[in-house]
Amino acid sequence: KLLQAHHHSNIFMSLLLGLYSAPSLGLGGARTACATSRAHACMQQQQQPGPPYAGPRSTPLLDTVSTPNDLKGFSLAELKQLSHELRWETINAVSKTGGHLGSSLGVVELTVALHYVFNTPADPVIWDVSHQVYPHKILTGRRERMPTLRQAGGLSGFAKRSESEYDAFGAGHSTTSISAALGMAVAHELRGLDQERTSVAVIGDGAITGGMAYEAMNNAAYLNSRIVVIYNDNGQVSLPTGTPSAGGTVPAGSLSAYTSRLIASKPFQDFRDIAKSINRLFPSEIQQANAKIDEYARGMVSGGTLFEELGFYYIGPVDGHDLDNLVPILENIRDRGGKQPVLLHIKTDKGKGYPPAEAASDKYHGVPKFDVATGKKLTAPAKTPSYTSVFADSLIDLAAADRSVVAITAAMPGGTGVDKFGKRFPKRTFDVGIAEQHAVTFAAGLAVEGIKPFCAIYSTFLQRAYDQLIHDVAIQKLPVRFILDRAGLVGNDGPTHHGSFDLAYIGCIPGIALCAPSDEVELRNMMRTIYEVDDKPTALRYPRGSALGLDVLNDLFEYGLDEYPARGKALPLGKGRVVRSAREDVSSRVAILSLGTRLAESVLAARAIEGAHADVGVTVADARWMKPLDTALVARLAEEHDVLITVEEGSIGGFGDHVLHYLSLGGFLDEGTLKARPMVLPDKYIEAGSMGEQYEEAGLSQRFIEATALRLLGKPVSMGSSSLADEEPTIA
């Protein structure tokens, strides 16, 4: 019986007896860990730390890799060299396109090890969030397309199932990987297929702060399905981590502190440390045989960890950059008996191997194009403030006069501007981690006690807390102020990050006020307005990117400003404004009613129409509010014009539908004298590209607004061609 057990675990037994080294275990019994001459030659090309920074002059190993199968014959030394080449290939590629760099650099060795050990794509590897997949894309047949990364018609910046069979599950939002891996593992079993397949989920310490990860882990142990969770712990919970807040400057949440204590309490585990522990995953007869030689392996103290309490077999912590140990550990996890879910805890460094990234507070999480030699980001100085910075400055002004004003962010202090608020008011800044559901109900609890919470969450991420928005806030009429950054199209991050749906999903909720500023002055005013609303929840949405600037404001809207107002002023709730009136004595009159920052394009379209058609007058109005809707303004525009066009940067079911609903119920369409058309985002997912390209694809630029009006008037339309200026890549 013992001989039979030995037959099934000969490599494992041999390791414990000292017959093989840990590196050789991971690379086939006869294979040694010494480098080939090819690897030696490559290693000599490695550059010393700069500046100037530079990678290898050639990539002979990477040049031989078209699919992960090409890795299977590499020695350990070659895998290390491949990692070096892959890291610099990633750096050079992102320097030309912009993108999520730091996360990708932190998982280079892990990516190589996973594709070496597991049989991808048959063994599915699911990357949580998947902004770290650039090395994975390079190894899975997409190296030649990396110059198109996050460009129109190019590679997605995230995992995308339609792009490659190696992208087992698409992502962009966080905390989905364990659930997806579990579903795929259970499906494999239900189909009666080979039980030896392993589903792997790679999740970081930011994503694992989300409650869905624990829901999935709780269910995984219950279902006893064969999944492996790689917990990538890099200490970067928020973007950026270290923002002053009520919890201090440490990573948000107790889990990060817990895993830090795990790491501090014991050194990194190597394969010999872990071998005895892994023994418990093998059948009982093998355990009995291996028990006779326990003295050859050092024990591992892992009992009682949180993950074990959830039913996972916990292994770690392990150095995620050390292939000598990572490869054999993964091999033994792969070859284990039984189906108990396993969690491998690895420690990595975000931005690893590129000194400018390692030194940056955000570890070069998301970068524009940059100079590799110096790390300098190639961005022109902004000529106008960003909408995010206008929000942050406005919130600081409000908080300076009212101690009840607080800010909440879900692990995005930098992206939302809450980091700026936190530097001024750390005790009134709350970073809850990637936990949007908790953020919303936490804000509701604050509001119950008379605090004035501003809950700043990207439009696309607030979708994750929809039940809380309705059940915990709206039904109770609690004055939580929702700040929806990145509303509308966002550029290069593509469909997972567009804020396309908030007008539709918030606009249908009773008792909530919803506004959208057309420019930076209006944003300041609306911040003051929602601050003063204490009897209902409010939501304020605005896009990513730079505001219009004083020259444009004065030209298009006739503000007559020499400088920005020092403070915002409250606006009447549910009241819009006319920014441009149609000229008199014309035979045809068009009204364009815009919500949000498409107002500038609407004014330009109106000017173009009147400039080309002397018999047409065009009125442009700014709705300001979707809820409550300014029905008096809508009625006036309908009664005084032949054509009414609504324009919004949102999906079907939003502002335009509310206007049409009012017009229909009010009988404005009964006589057939008014032609009404909504202009919205098309009913499809708009892929990555520049924001200008996306507005053209969506049909929401000046020339499309102009063409819509002319068609309704029965006039000839010449669309011409767009003249898109070069744009900097956009990064969430």
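The model shown is predicted, which means the values in this text are computed figures rather than measured ones. (Residues numbered from 1 in each chain as written. Predicted model: local features only at pLDDT ≥ 70, side-chain atom pairs only at ≥ 80, totals over all residues. Heavy atoms only, no water.)

Comments concerning the overall build of the chain
Each helix and strand counted, the chain has 30 helices and 17 strands in total. Considering the chain as a whole, with its 732 residues, one finds that 59% of them fall into the buried category. The long-range share in the chain, meaning contacts at least 24 apart out of those at least 6 apart in sequence, stands at 78%. Accessible surface, the chain: about 28,100 Å² in total, of which carbon and sulfur atoms supply 51%. (Helix = DSSP H or I, 4+ residues; strand = E, 2+ residues; numbered from the N terminus. Buried < 20%, exposed > 50% of the residue type's maximum accessible area, 1.4 Å probe, protein only. Contact = heavy atoms within 4.5 Å. Areas by Shrake-Rupley, 256 points an atom, 1.4 Å probe, with all protein chains shown as cover.)

Comments concerning helix H25 (residues 550–557)
Of the residues making up H25, those classed as buried are Leu-553, Leu-556 and Phe-557. Burial along H25 is one-sided: seen end-on, the buried residues are contained in an arc of 85 degrees. Positive phi appears at Glu-558, one or two residues downstream of H25, with a value of about 55 degrees. (Arc of directions from axis to C-beta.)

Thoughts on the sheet that holds strand E7 (residues 429–431)
Ordered by their spatial adjacency, seven strands build an open sheet running E7-E6-E8-E9-E11-E10-E15, and the pairing between neighbours is mixed. In this open sheet, the two strands that pair with only one neighbour each are E7 and strand E15 (625–627). Adjacent strand axes in the sheet meet at a mean angle of 20 degrees, parallel and antiparallel pairs treated alike. As judged from the five bridges shared by strand E8 (residues 452–458) and strand E9 (residues 481–485), these two strands associate in the parallel manner. Looking at E9, one finds that Ile-457 is bridged to Leu-484. (Pairing = 2+ DSSP bridges. Axes fitted to C-alpha atoms, helices over the stretch in contact; angles between N-to-C directions.)

A short note on the pattern of salt bridges
A complete count under the given rule lists 31 salt bridges for this structure. In this structure, the salt-bridge partner of Arg-142 is Asp-167, at a minimum N-O distance of 2.8 Å. Highlighted residues: Arg-142 in helix H8 (residues 134–142) and Asp-167 in the loop between H8 and helix H9 (177–190), separated in sequence by 25 residues. Overall, the relative accessible area of 3% leaves Arg-142 in the buried class. Where Glu-532 meets Arg-528, a salt bridge forms, and the shortest distance between an N and an O atom there is 3.8 Å. With relative accessibility at 45%, the residue Glu-532 sits in the partly exposed group. The exposure class assigned to Arg-528 is partly exposed, which follows from its relative accessible area of 26%. Each of Lys-137, Arg-142, Glu-163 and Asp-167 takes part in a single network of salt bridges with overlapping partners. (Salt bridge = Lys/Arg side-chain N within 4 Å of Asp/Glu carboxyl O.)

Brief notes about the confidence of the model for the chain
In this model, the chain carries an average pLDDT of 87, and 83% of its residues clear a pLDDT of 70 or more. In the model, residues 1–45 has pLDDT below 50 throughout and makes 83 contacts with residues more than four positions away in sequence or in other chains. Overall, residues 285–304 carries pLDDT values under 50, and its contacts beyond four positions in sequence, including any with other chains, amount to 48 contacts. (pLDDT = per-residue confidence, 0-100.)

Overview of the layout of surface pockets
By volume, the second largest pocket is sized at about 470 Å³. Together, 23 residues line the second largest pocket, and Lys-160, Ala-171, Pro-495, Thr-496 and Glu-687 are the ones closest to its centre. Class assignment of the residues belonging to the lining of the second largest pocket gives a composition of nine nonpolar, 10 polar and four charged. (1 Å grid on protein atoms, 1.4 Å probe; cavity = no way out; pocket = protein on both sides within 12 Å on 5 of 7 lines; lining within 4 Å. Points joined across faces, edges and corners; volume = space filled by probe spheres on them. Nonpolar A, V, L, I, M, F, W, Y, C, P; charged D, E, K, R; others polar.)

Here we look at the nonpolar core
Formed by 58 residues in total, the largest nonpolar core has its most connected members in Leu-101, Leu-114, Ile-230, Leu-330, Leu-344 and Tyr-354. Among the elements that take part in this core, helix H5 (residues 76–97) stands out by supplying eight residues, more than any other. When neighbours within four sequence positions are excluded, Leu-114 is seen to be in contact with Val-125, Trp-127, Val-200, Val-202 and Leu-330. Ranked by size, the runner-up nonpolar core spans 53 residues in total, among them Ile-408, Ile-457, Met-626 and Ala-638. (Core = buried A, V, L, I, M, F, W, Y, C linked by side-chain atoms within 4.5 Å.)

A few points about the packing of H25 against helix H26 (residues 599–612)
The N-to-C vectors of H25 and H26 enclose an angle of 45 degrees; their axes lie 10 Å apart at closest approach. As judged from the angle between their axes, H25 and H26 are oblique. The handedness of the crossing between H25 and H26 is left-handed. Seen from H25, the contacting residues are Asp-555, Leu-556 and Phe-557; seen from H26, they are Leu-599, Ala-600, Val-603, Leu-604 and Arg-607. (Parallel < 35°, antiparallel > 145°, perpendicular 65-115°, else oblique. Left-handed = near helix turned anticlockwise from the far one by under 90°.)

Remarks on the sheet that holds strand E3 (residues 227–233)
Spatial ordering of the open sheet is given by E1-E2-E3-E5-E4, a layout of five strands whose pairing is parallel. At either margin of the open sheet sits one strand with a lone partner, and together these are strand E1 (125–127) and strand E4 (313–319). Along the sheet, successive strands turn relative to each other by an average axial angle of 20 degrees, direction set aside. Note: strand E2 (residues 199–204) against E3, six bridges, orientation parallel. For Val-202, the partnering residue across the bridge sits in E3 and is Ile-230. Packing of H9 onto the sheet brings it into contact with E1, E2 and E3, and relative to E2 it is tilted by some 175 degrees.

Some remarks on helix H24 (residues 520–531)
Relative to the 16 Å expected for 12 residues at 1.5 Å per residue, H24 spans 17 Å between its end C-alpha atoms, a close match to the ideal helical length. Of all 12 residues making up H24, 11 are buried, and the element is well covered by its neighbours. Among all positions in H24, only Glu-520, Val-521, Glu-522, Leu-523, Arg-524, Asn-525, Met-526, Met-527, Thr-529, Ile-530 and Tyr-531 are buried. Of the residues flanking the start of H24, the one acting as N-cap is Asp-519, its side-chain oxygen 2.9 Å from the backbone nitrogen of Val-521. (Expected span 1.5 Å × (residues − 1). Polar contact = N/O pair within 3.5 Å; in protein donor to acceptor, adjacent residues only side chain to side chain.)

Concerning the packing of aromatic side chains
Tallying each qualifying case throughout the model produces 14 aromatic pairs. Pairing Tyr-662 with Phe-668 gives two aromatic rings, centres 5.7 Å apart and planes at 35 degrees, and the pair type is tilted. An aromatic cluster is present here, built from Tyr-53, Trp-88, Tyr-354, Tyr-364 and Phe-370 joined pairwise through their rings. For the cation-ring pair, Arg-428 lies above Phe-425, with the distance from its terminal atom to the ring centre recorded as 4.3 Å. One cation-aromatic arrangement involves Lys-452 over Tyr-531; the distance from NZ or CZ to the ring centre is 4.0 Å. (Phe/Tyr/Trp six-rings, centres within 6.5 Å; stacked < 30°, edge-to-face > 60°. Lys NZ or Arg CZ within 6 Å of the ring centre and 35° of its normal.)

What about the side chain of Thr-597?
Its place among the elements puts Thr-597 in the loop between strand E13 (588–595) and H26. Thr-597 gets classed as buried once you look at its relative accessible area, which sits at 14%. What Thr-597 contacts, discounting residues up to four positions off in sequence, is Tyr-387, Pro-517, Ser-518, Pro-543 and Glu-649.

Focus: the packing of H5 against helix H15 (residues 323–334)
It is the contact of H5 with H15, at a shortest axis distance of 10 Å, that shows an interaxial angle of 110 degrees. Taken as axis vectors, H5 and H15 run roughly perpendicular relative to one another. Handedness of the H5/H15 crossing: right-handed. In this structure, H5 uses Leu-76, Leu-79, Lys-80 and Ser-83 to contact H15, whose residues at the interface are Leu-323, Asp-324 and Val-327. Looking at the contact of H5 with H15 residue by residue, the class counts come to four nonpolar, one polar and two charged.

Section: the pairing of E8
For E8, the tally of buried residues reaches seven of seven residues, placing the bulk of the element in the interior. Because side chains alternate across E8, one face comprises the buried residues Lys-452, Phe-454, Ala-456 and Tyr-458, and the other comprises Pro-453, Cys-455 and Ile-457, equally buried. Sheet topology places strand E6 (residues 405–409) next to E8; five bridges connect them, and they run parallel. Bridging across to E8, Ala-407 finds its partner in Phe-454.

Things to note about the environment of Gln-694
Position of Gln-694 among the secondary structure elements: in helix H29 (residues 691–698). Using a relative accessible area of 1% as the deciding quantity, one classes Gln-694 as buried. Expressed as a C-alpha distance, the spacing of Gln-694 and Leu-489, which sit 205 residues apart in the sequence, is 7.1 Å. Look past the residues within four positions of Gln-694 in its chain and what remains in contact with it is Leu-489, Val-490, Gly-491, His-498, Ile-686, Glu-687, Ala-688 and Gly-689.

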